[in-house]
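A closer look at the structure
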Amino acid sequence: MTNKKLSKVLKALTDENRRLILWFLQKRELCVCEFEQLLPISQSTISIHLRMLSDLELVDFYKEGRWVIYQQKKNQDVEVNNILASVSSAMDSEAQYKDQLVKLKMVCKDNLC
């Protein structure tokens, strides 16, 4: 990985909402309408964050009917995997994110919006 890409990835992770998006996607695939229920930001802002993360090759997406489903990108650089694993581990161990997991379980029923 180049230093420039590493800098962009680290900068992306400075935003709490982008960290939450990546953390949620490590748990399961989500559509934008599910993110709207999980995050206190607008659909357009969520889309901007997802586009940035997609441009950095951190998330991937596919279409299912009229839904766009986002998932964590597979086959990333080892450095990126290590960074994301460290961030996820830190978030998993913090009490403030336990409520987020409850919220994720309530939003995520094996069907789309």
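Structural notes, computed from the coordinates. (Residues numbered from 1 in each chain as written. Predicted model: local features only at pLDDT ≥ 70, side-chain atom pairs only at ≥ 80, totals over all residues. Heavy atoms only, no water.)

Right, let's get into the overall build of the chain. Each helix and strand counted, the chain has 6 helices and 3 strands in total. Overall, the chain shows an N-to-C arrangement of helices and strands of α-α-β-α-α-β-β-α-α. For 113 residues, the compact-globule formula gives about 13 Å, and the C-alpha radius of gyration of the chain, at 14 Å, lands near that figure. Projecting the C-alpha coordinates of the chain onto the three principal axes gives extents of approximately 40 × 35 × 25 Å. Within the chain, the fraction of its 113 residues that count as buried is 36%. A fraction of 62% describes how many contacts in the chain between residues 6 or more apart in sequence connect residues 24 or more apart. When the accessible surface of the chain is split by element, carbon and sulfur atoms take 50% of a total near 6,800 Å². Charge centroids of the chain, computed over 17 positive and 15 negative side chains, lie 3 Å from each other. (Helix = DSSP H or I, 4+ residues; strand = E, 2+ residues; numbered from the N terminus. Rg over C-alpha atoms; globule rule 2.2 N^0.38 Å. Buried < 20%, exposed > 50% of the residue type's maximum accessible area, 1.4 Å probe, protein only. Contact = heavy atoms within 4.5 Å. Areas by Shrake-Rupley, 256 points an atom, 1.4 Å probe, with all protein chains shown as cover. Lys, Arg positive; Asp, Glu negative; His and termini not counted. Charge placed at Lys NZ, Arg CZ, Asp CG, Glu CD.)

Under the defined criterion, the tally for this structure stands at 1 cavity of 30 Å³ or more. Its volume calculated, the largest cavity comes out at about 30 Å³. Lining the largest cavity are Leu 13, Arg 19, Leu 22, Trp 23, Gln 26, Leu 84, Val 87 and Ser 88. Broken down by secondary-structure element, the contributors of at least two residues to the lining of the largest cavity are α2 (16–27) and α5 (78–93). (1 Å grid on protein atoms, 1.4 Å probe; cavity = no way out; pocket = protein on both sides within 12 Å on 5 of 7 lines; lining within 4 Å. Points joined across faces, edges and corners; volume = space filled by probe spheres on them.)

With that settled, the discussion passes to the nonpolar core. In terms of nonpolar packing, the biggest core is built from 28 residues, with Phe 24, Phe 35, Leu 39 and Leu 58 touching the most fellow members. Contributing elements (two or more residues each) for this core: α1 (3–12), α2, α3 (32–38), α4 (43–55), α5 and α6 (98–107). A per-element tally of this core places α2 first, with 6 residues. Apart from residues no more than four positions distant in its own chain, Phe 35 is found in contact with Ile 21, Phe 24, Leu 25, Leu 30, Ile 46, Leu 50 and Tyr 70. (Core = buried A, V, L, I, M, F, W, Y, C linked by side-chain atoms within 4.5 Å.)

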